Amino acid sequence: MEEKYTLKRKTQYGILSIVGVGILLLILGYFIESPNRQELWANVLINNLYFLFIALFGGVFLALHKISYAGWYTALKRIPEALTKFLPISAALMFLIYFGMHDLYHWSHEGLHDPILEGKAAYLNIPFFFARMALYFLGWIGLTYLLRKNTLDQDINPDLKYHKRGKILAALFMVFFAISSSTMSWDWIMSIDAHWFSTLFGWFIFIGMFVCGIATIILLIAFLKSQGYLEYINKEHIHDMGKYLFAFSIFWMYLWFSQYLLIWYSHIPEETAYFAPRLNDHKFLFFTVLIINFLFPFLALMTRDSKRNIKWLSFVAVIVLIGHWLNIYMLVIPGTIGKTAQIGLIEIGFIALYLGGFLYVVFSSLSKTPLLVKNDPLLEESFHYET
Amino acid sequence: MRRYISAYFEDEENLLRAAKDLKEKQVSIQDVLTPFPIHGLDPILGFKRSRIPTVGFISGAIGCIIAFGFQAWAFIVDYPLFIGGKPHFAIPSFIPITFELTVLFAAFGMVFAFLIQSKLGPGANNPIHDERITDDRFMIIVDLDEAGNLYELVKEILLKEEAQDIKVKEIDK
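Residues numbered from 1 in each chain as written. Chains lettered and ligands numbered in written order. Predicted model: local features only at pLDDT ≥ 70, side-chain atom pairs only at ≥ 80, totals over all residues. Heavy atoms only, no water.

Trainee: I would appreciate a short explanation of the overall build of chain B in the present structure.
Mentor: From N to C terminus, chain B includes five helices and four strands. Reading the secondary structure of chain B in the N-to-C direction produces β-α-β-α-α-α-β-α-β. Each principal axis of the C-alpha distribution contributes one length, and for chain B these read about 80 × 30 × 25 Å. Long-range pairs, those at least 24 residues apart, make up 78% of the contacts in chain B between residues at least 6 apart in sequence. On chain B, roughly 11,200 Å² of surface is accessible, and the fraction owed to carbon and sulfur atoms is 61%. If the 18 positive side-chain charges of chain B are averaged to one point and the 24 negative ones to another, these points end up 5 Å apart. (Helix = DSSP H or I, 4+ residues; strand = E, 2+ residues; numbered from the N terminus. Contact = heavy atoms within 4.5 Å. Areas by Shrake-Rupley, 256 points an atom, 1.4 Å probe, with all protein chains shown as cover. Lys, Arg positive; Asp, Glu negative; His and termini not counted. Charge placed at Lys NZ, Arg CZ, Asp CG, Glu CD.)

Spelled out as structure tokens, the structure:
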């Protein structure tokens, strides 16, 4: 079975118009809202993280199923592989943060005379911050590149060694990701509120990433199916993606609440300092994030039929993706802009610009390789998959 | 007194084909016993969708309301105490117990609904068709109650798929 996705003119124009709208909104927003440097950098950081998470999850999805000997995902492998192609661009965008360090991270200023920050200076200093960033991206891009190359080689050569090598690469990626996803979330998100810390933070970010990535893969499947591709992806595969979205939305709330409950209970000023601005200044968004990231998918995806209906599932995925963008917004904004932050033209413009670029990278990557892998020993199992 | 015909298969493919043939001939299959779940068997046997999830949702919702309601009543009305400077109606502290009782009620609700629906539990009468039904082979049990002349037909279909140990058993019920 040979199937190749061709990037249609219509899709290209669609992506181009998203980028166009983004640029237009940014120009309009720049003159109407006259944002300061801090707001612009905060937006860059939010969207960097959001699209980095989705791209990085492509690698997690591949490695997770590879090392757990899963067969069902094999037929849709090219989609997470295409997601990882955004990682190099993410890296470039992330290094841009160098120019906005002082607007985003309070700890990066010189001569603060802050005993807490002086105590953390061995970890939170600018050279080490960027050295770690380089290391993360080196690992992620390198290992996802090798994972992808491995399956492309397998397409040509039916030797079983690629399957075995894929397992080793996947295990390496998982180990590297387990550590780097935690430290990455301390570096880029938790250190915005440098006085505060939470040992659960890395997991919380990771599960948010998991939900975003699954929602994106669901939407890509729905789009490709609507174009007449991916005939072999049936309701059983869709059902499993729905289960992931449902389960990890619950788990996201579980971790959110585990963090909140302990801070609420002990009521120590150093810890409540994190939630106080979020609850007092952004009360509406604070509860909106909880409702659309947990309550909505929990109720909307509870029945079996709702998980097997691709249209309904894509609708839920869109809502959850919006919810997780707001979640990252709520993580970054109170520590950078604070009270005056509002979602306006600038925010939407940045999203549109990033989204356009992201979609272009993913779709052009999908169109370069056949949509179905070949010679994978688990491929046949994937066709006959039944939940 | 009911009569059943039972037989063993070595391979699940044979079982699937035999079950399909029997269904086409309008023979009612009483049960199929297999050492592992077989894909594609449920649609052949014509099982209806389980309503256990609905029971789970309802009993879970009841557990949720009972847990939350009881805590609210106990901490506000019955015995209000100041704990750690928190208000009496402190929602976050109610959540873990609410969550646990929701899960507990849902689980117990589903287990008991299943036991009642499938007539299991203390005092249940479960006819054992053969001593080896939990072994490594695939067993099919066919009802012989409706018509007496079914035996030859069933045996023919079963033998075609290499069934072994075909026998008729009478069970009081």
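Trainee: Quick question: what am I supposed to make of the domain arrangement of chain B here?
Mentor: The extent of an interface is frequently quoted as the accessible surface area lost upon association of the parts. Along its sequence, chain B is organised into domain 1 (1-35 + 133-141 + 154-173) and domain 2 (52-117). Look at where the C-alpha atoms of domain 1 of chain B and domain 2 of chain B centre, and you get two points 46 Å apart. (Domains from an automatic or database assignment.)

Trainee: Sorry, what's going on with the packing of aromatic side chains here?
Mentor: Ring pairs (aromatic) are described by centroid distance and by the angle formed between their planes. Residues and elements named next belong to chain A. Evaluated as defined, the whole model comprises 66 aromatic pairs over all chains. Ring centres of W256 and F275 lie 6.2 Å apart, and the angle between their planes is 70°; on these two criteria the pair is classed as edge-to-face. Of this pair, W256 sits in helix α10 (residues 235-266) while F275 is found in helix α11 (residues 269-281), placing the two residues 19 residues apart along the sequence. In this pair, the class of W256 matches that of F275, namely buried. Here the basic side chain of K167 rests over the ring of Y69, its NZ or CZ set 4.2 Å away from the ring centre. Positioned above the aromatic ring of Y274, the side-chain terminus of R278 is 3.7 Å from the ring centre. (Phe/Tyr/Trp six-rings, centres within 6.5 Å; stacked < 30°, edge-to-face > 60°. Buried < 20%, exposed > 50% of the residue type's maximum accessible area, 1.4 Å probe, protein only. Lys NZ or Arg CZ within 6 Å of the ring centre and 35° of its normal.)

Trainee: Teacher, can you tell me more about the nonpolar core here?
Mentor: Side chains of a nonpolar character, in soluble globular proteins, are inclined to be buried together. Membership of the largest hydrophobic core comes to 139 residues, with the highest contact counts inside it found for A:F61, A:Y105, A:W140, A:W188, A:L245 and A:W256. No other element matches the 18 residues that helix α2 (residues 37-67) of chain A contributes to this core. If sequence neighbours within four positions are ignored, A:F61 has contacts with A:W72, A:Y73, A:L76, A:P80, A:I214, A:I217, A:M241 and A:Y244. Judged by nonpolar contacts, the second largest core, of 25 residues, contains B:F9, B:L15, B:A18 and B:L158. (Core = buried A, V, L, I, M, F, W, Y, C linked by side-chain atoms within 4.5 Å.)

Trainee: Looking at this structure, I do not really get the sheet that holds strand β3 (residues 138-143) of chain B. What am I missing?
Mentor: Residues and elements named next belong to chain B. Strand order in the open sheet made by the four strands is β2-β3-β1-β4, with antiparallel pairing throughout. The sheet terminates laterally at β2 (29-33) and β4 (164-171), the two strands that pair on one side only. The mean angle between the axes of side-by-side strands here comes to 20°, regardless of whether they run parallel or antiparallel. Pairing geometry for β2 and β3, over four bridges, is antiparallel. Among the inter-strand pairings, L33 is bridged to a residue of β3, identified as M139. Contacting β1 (2-9), β2 and β3, helix α1 (residues 12-24) crosses the sheet at an angle of about 15° to β3. (Pairing = 2+ DSSP bridges. Axes fitted to C-alpha atoms, helices over the stretch in contact; angles between N-to-C directions.)

Trainee: I'm lost on the interface of chain B and chain A in this one. Help?
Mentor: Contacts between the two partners involve ten residues from chain B, matched on the other side by ten residues from chain A. For the pairing of chain B and chain A, the buried interface totals around 980 Å² over both sides, and the portion due to carbon and sulfur atoms is 71%. It is B:R49, B:K86 and B:P92 in chain B that bury the most area against chain A; as a group they hold 50% of the surface buried on that side. With a closest N to O distance of 3.2 Å, B:R49 and A:D305 form a salt bridge. For the interface between chain B and chain A, the tally reads three residue pairs in polar contact (both at pLDDT 80 or more). Looking at the side of chain B that touches chain A element by element, the count peaks at four residues for helix α4 (residues 91-117) of chain B. Looking at the side of chain B that touches chain A residue by residue, the class counts come to five nonpolar, three polar and two charged. (Buried area = accessible area lost by both parts, 1.4 Å probe. Salt bridge = Lys/Arg side-chain N within 4 Å of Asp/Glu carboxyl O. Polar contact = N/O pair within 3.5 Å; in protein donor to acceptor, adjacent residues only side chain to side chain. Nonpolar A, V, L, I, M, F, W, Y, C, P; charged D, E, K, R; others polar.)

Trainee: Just checking my understanding: could you explain the confidence of the model for chain B for this structure?
Mentor: All names here are of chain B. The share of residues in chain B with pLDDT of 70 or more is 95%, and the mean pLDDT across the chain is 86. By mean pLDDT, the top-scoring element of chain B is helix α3 (residues 52-78) (95), and the lowest-scoring one is β4 (80). Predicted complex metrics record ipTM = 0.81 and pTM = 0.90. (pLDDT = per-residue confidence, 0-100.)

Trainee: What should I look at first to understand unusual backbone geometry in this one?
Mentor: Keep in mind that most residues, glycine aside, have a negative phi and that most peptide bonds are trans. All names here are of chain A. Of note in the backbone geometry, H113 takes a positive phi value of approximately 50° without being a glycine. Inspection of the secondary structure puts H113 in the loop between α5 (101-104) and α6 (115-119). On the accessibility criterion, H113 (69% relative accessible area) is exposed. With a phi close to 55°, H267 is a non-glycine residue in the positive phi region. Looking at where H267 falls in the secondary structure, it is placed in the loop between α10 and α11. Taking the relative accessible area as the measure of exposure, H267 reaches 53% and is therefore exposed.

Trainee: Where do I start with the pairing of β3(B) in this structure?
Mentor: Side chains on a regular strand alternate between the two faces of the sheet. Residues and elements named next belong to chain B. Across the six residues that make up β3, a large majority, six, are buried. The alternating pattern of β3 places F138, I140 and V142 and M139, I141 and D143 on opposite faces, both of which are buried. Bridging between β1 and β3 involves six bridges; their strand directions are antiparallel. Paired with Y4 across the two strands is D143, which belongs to β3.

Trainee: Looking at this structure, I do not really get helix α5 (residues 150-160) of chain B. What am I missing?
Mentor: Because each turn of an α-helix spans 3.6 residues, side chains separated by three or four positions in sequence point in the same direction. Residues and elements named next belong to chain B. By the burial criterion, the buried members of α5 are L150, V154, I157 and L158. Here the buried residues of α5 occupy an arc of 100° about the axis, which is enough to place them on one side. Opposite the buried face of α5, by more than 90 degrees, sit the exposed residues E152, E156 and K160. Along its buried surface, α5 packs onto β1, α1, β3 and β4. E162, located one to two residues past α5, shows a positive phi value of around 60°. (Arc of directions from axis to C-beta.)

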